[in-house]
Amino acid sequence: MSETILVGTRKGVFTLKRGTSGWKIADVHFRGVPASIVTWDPRDRTMYAALGHGHFGVKMHRSSDDGKTWTEFKAPAYPELPSEEQAKGVPVLHLVWELVPGGADEPGTLWCGTVPGGLFKSTNRGDTWTFVRSLWDDPLRKQWFGGGMERPGIHSISVHPKNSKHVALAVSCGGAWVTKDGGETWTIQAKGMRAGFMPPDQAENPAIQDIHRMAMCPANPEVLWAQNHDSMYHSGDGAKTWQELKDVKPSNFGFAVVAHPTDEKTAWFVPAEVDAKRVPVDGKVVVTRTRDGGQTFETLREGLPQEHAYDIVFRHCLDVDETGARLAFGSTTGSFWISENGGDAWQTVSNHLPPVYCVRFVK
Amino acid sequence: MAKVVFTKNLREHIACPETSAPGATVREVLDAVFASNDLLRGYVVDERGALRQHMNVFVDGANVRDRVKLSDPVETDSEIYVMQALSGG
């Protein structure tokens, strides 16, 4: 089981480690600097951090020695685009919103999702980046718009564990997209999703769905889970069609979802009340878990605050280790919890971290 | 050659000692500095070359007017200060 967790926050990157007396904050890197995404690459045991300096822009760093030393490398850069693309402002990198390793058979390959909507690929650990023009140039991409951000962003990227050329990603707001040829061509796959914030004739338009987070099950990549702006969804056919998971208690609204690594029927979500009131339902922090493919959900609350809690858990802030037993999540108000038993009970690691942006097990 | 000084807050993140560089505009001077320090470029301007939203550049005490092309003129004895804005932290 994983003994280390990387945590990106508004004020630095933290490493949490499990010692003989339990989980502790072991280190802080880039103290005071916002870190939008942290990533662990198991292929070459490298830590990555995407920093979003308030003044100096997005910066990328990596460490090959467990965080002892970090090397800066160039951030992805938007190419010059035709003038009609600039009607809403010249596209420049605003935020790295996802960074994931490619497949096991392509060491050094990274996929990077960004705001304002560009996808980038590197085949050399980020030394150089290629703007994935095929997705940007898709006519449906022009329908994307910003949800939580002013402009659209790619926030979830999953690489098929047995076919590195098969990649699924999700956009807020822009639906789910799949490539099976390493990014040469893309297909939008959001059939079945519904956006209640749109006029009725646009509610089922795949290209505007506000997916908050999408997770592929490593054990069966045909199974995907999505937390959308309005509700939660399950796909059993590789994202071609989605089924809504209705009336989940205490709420269908939230940001985060993770898939169990070995059990295709199990996933976890962290609910909040509703889009217009982004607080835990009744002031109680809970995790919801399904173990039957989304038919039913349990509400997990042991060890979590059950009164006057206002913690919101952002989309990258819930993670599960490679066994499915250990889970961790962090909140906007700096609380951090870990479960060692699949979410049945939780222990508090801290209530005083900066706002948490990203949680990733080192596995 | 114009003198170029970077805010000490930037020096916490990347090497950018006081230097001097040739050029008739802010763009030319800064490009001359960035030529030997490519990562530094991205801290000051975005990938289109425009001054980052929360950065300021002063030439002889005056805030540059052209934040996109950095075309403000520079004299051979000018002092250029690359500062961060009060906003944006």
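A quick note: this is a predicted structure, and the numbers were derived from the prediction, not measured. (Residues numbered from 1 in each chain as written. Chains lettered and ligands numbered in written order. Predicted model: local features only at pLDDT ≥ 70, side-chain atom pairs only at ≥ 80, totals over all residues. Heavy atoms only, no water.)

Undergrad: Can you tell me about the overall build of chain B, naming the residues and giving the values?
TA: Within chain B, the regular secondary structure consists of three helices and five strands. Going from N to C terminus, chain B has its helices and strands arranged as β-α-β-α-α-β-β-β. Against the 2.2 N^0.38 benchmark of 12 Å for 89 residues, chain B shows a C-alpha radius of gyration of 12 Å, consistent with a compact globule. Once the C-alpha set of chain B is aligned to its principal axes, its extents read approximately 30 × 25 × 25 Å. Buried positions account for 43% of the 89 residues belonging to chain B. Within chain B, contacts between residues at least 6 apart in sequence are counted, and of these 50% link residues at least 24 apart. Accessible area of chain B: about 4600 Å², with a carbon and sulfur share of 52%. Separation between the mean location of the 10 positive side-chain charges and that of the 13 negative ones in chain B comes to 5 Å. (Helix = DSSP H or I, 4+ residues; strand = E, 2+ residues; numbered from the N terminus. Rg over C-alpha atoms; globule rule 2.2 N^0.38 Å. Buried < 20%, exposed > 50% of the residue type's maximum accessible area, 1.4 Å probe, protein only. Contact = heavy atoms within 4.5 Å. Areas by Shrake-Rupley, 256 points an atom, 1.4 Å probe, with all protein chains shown as cover. Lys, Arg positive; Asp, Glu negative; His and termini not counted. Charge placed at Lys NZ, Arg CZ, Asp CG, Glu CD.)

Undergrad: Let's hear about the sheet that holds strand β3 (residues 55–59) of chain B: which residues, and what values?
TA: Residues and elements named next belong to chain B. Across the sheet, which stays open at both edges, the five strands sit in the order β2-β1-β5-β3-β4 with mixed pairing between neighbours. The open sheet has two edge strands with one neighbour each: β2 (19–21) and β4 (62–63). As paired strands, β3 and β4 are joined by two bridges and run antiparallel to one another. Paired with Val59 across the strands is Ala62, a residue of β4. Its contacts with the sheet put helix α2 (residues 26–34) on β1 (2–6), β2, β3 and β5 (79–84), and the angle it makes with β1 is roughly 65°. (Pairing = 2+ DSSP bridges. Axes fitted to C-alpha atoms, helices over the stretch in contact; angles between N-to-C directions.)

Undergrad: Pulling in residues and values, what's your account of the packing of aromatic side chains?
TA: Residue and element names in this part refer to chain A. All told, the structure shown has 16 aromatic pairs over all chains when counted by the stated rule. An angle of 80° between the planes, with centres 5.2 Å apart, marks the rings of Tyr78 and Phe120 as edge-to-face. A residue pair is termed long-range when its members are at least 10 positions apart, and Tyr78 in the loop between β7 (71–73) and β8 (95–101) and Phe120 in strand β10 (residues 119–122) qualify at 42 residues. Judged by its relative accessible area of 1%, Tyr78 is buried. Between the aromatic rings of Phe269 and Phe297, the centroid separation amounts to 5.8 Å while the plane-to-plane angle is 70°, which identifies the pairing as edge-to-face. With Phe269 in strand β21 (residues 267–272) and Phe297 in the loop between β22 (287–290) and β23 (298–300), this pair connects stretches of sequence that are 28 residues apart. A single burial state applies to Phe269 and to Phe297, both of which are buried. Taken together, the ring pairs in this structure connect Tyr78, Phe120, Phe131 and Trp136 into an aromatic cluster. The ring centre of Phe73 lies 4.9 Å from the NZ or CZ of Arg62, which sits over that ring. (Phe/Tyr/Trp six-rings, centres within 6.5 Å; stacked < 30°, edge-to-face > 60°. Lys NZ or Arg CZ within 6 Å of the ring centre and 35° of its normal.)

Undergrad: Explain the interface of chain A and chain B residue by residue, including any values.
TA: Contacts between the two partners involve 20 residues from chain A, matched on the other side by 19 residues from chain B. It is His55, Phe56 and Glu72 of chain A in chain A that bury the most area against chain B; as a group they hold 45% of the surface buried on that side. For the pair chain A and chain B, the interface holds one salt bridge. Where Asp38 of chain B meets Lys74 of chain A, a salt bridge forms, and the shortest distance between an N and an O atom there is 2.8 Å. Along the contact surface separating chain A from chain B lie nine residue pairs in polar contact (both at pLDDT 80 or more). Among the elements of the structure, β6 (57–63) and β7 of chain A are those that each provide at least two residues to the side of chain A that touches chain B. Counting residues per element, the side of chain A that touches chain B draws most heavily on β6 of chain A, at three residues. Grouping the constituent residues of the side of chain A that touches chain B by class yields eleven nonpolar, five polar and four charged. (Buried area = accessible area lost by both parts, 1.4 Å probe. Salt bridge = Lys/Arg side-chain N within 4 Å of Asp/Glu carboxyl O. Polar contact = N/O pair within 3.5 Å; in protein donor to acceptor, adjacent residues only side chain to side chain. Nonpolar A, V, L, I, M, F, W, Y, C, P; charged D, E, K, R; others polar.)

Undergrad: Break down the side chain of Asp321 of chain A for me, with residues and values.
TA: Residue and element names in this part refer to chain A. With respect to the helices and strands, Asp321 occurs in the loop between β24 (318–320) and β25 (327–330). Buried charged residue Asp321 carries no salt bridge. Nearest counter-charge: Arg326, at 5.1 Å. A distance of 2.8 Å separates a polar atom in the side chain of Asp321 from a polar atom in the side chain of Thr323. Not counting residues up to four positions away in its chain, the partners in contact with Asp321 are Met1, Ser2, Pro261, Arg326, Phe361 and Lys363.

Undergrad: Tell me about unusual backbone geometry, residues and numbers included.
TA: All names here are of chain A. Cis geometry is found at the peptide bond from Val115 to Pro116, where omega equals 20°. Residue placement: Pro116 occurs in the loop between β9 (110–115) and β10. With an omega dihedral of 5°, the bond running from Lys249 to Pro250 counts as a cis peptide bond. As for its position among the elements, Pro250 is in the loop between β19 (243–245) and β20 (253–259). Positioned with a positive phi, Arg125 is a non-glycine residue whose angle comes to about 60°. By secondary structure assignment, the location of Arg125 is in the loop between β10 and β11 (130–131). By relative accessible area, Arg125 is classed as partly exposed at 24%.

Undergrad: Residue-level account of the environment of Asp65 of chain A, with values.
TA: Residue and element names in this part refer to chain A. You can see Asp65 is positioned in the loop between β6 and β7. Each C-alpha atom of the pair Asp65 and Met47 lies 8.4 Å from the other, and the pair is 18 residues apart in sequence. Only 2.8 Å separates the side chain of Asp65 from the side chain of Ser63, close enough to count as a polar contact. Here the side chain of Asp65 touches Thr69 through a polar contact of 2.5 Å, side chain to side chain.

Undergrad: Give me the side chain of Arg315 of chain A: which residues, what numbers.
TA: Residues and elements named next belong to chain A. Within the element layout of this structure, Arg315 appears in the loop between β23 and β24. Buried and unpaired, Arg315 has Asp210 as its nearest opposite-charge partner, separated by 5.1 Å. Polar contacts involving the side chain of Arg315 include one to the main-chain carbonyl oxygen of His212, which spans 3.0 Å. Look past the residues within four positions of Arg315 in its chain and what remains in contact with it is Trp97, His155, Ser172, Ile211, His212, Arg213, Phe255 and Ala256.

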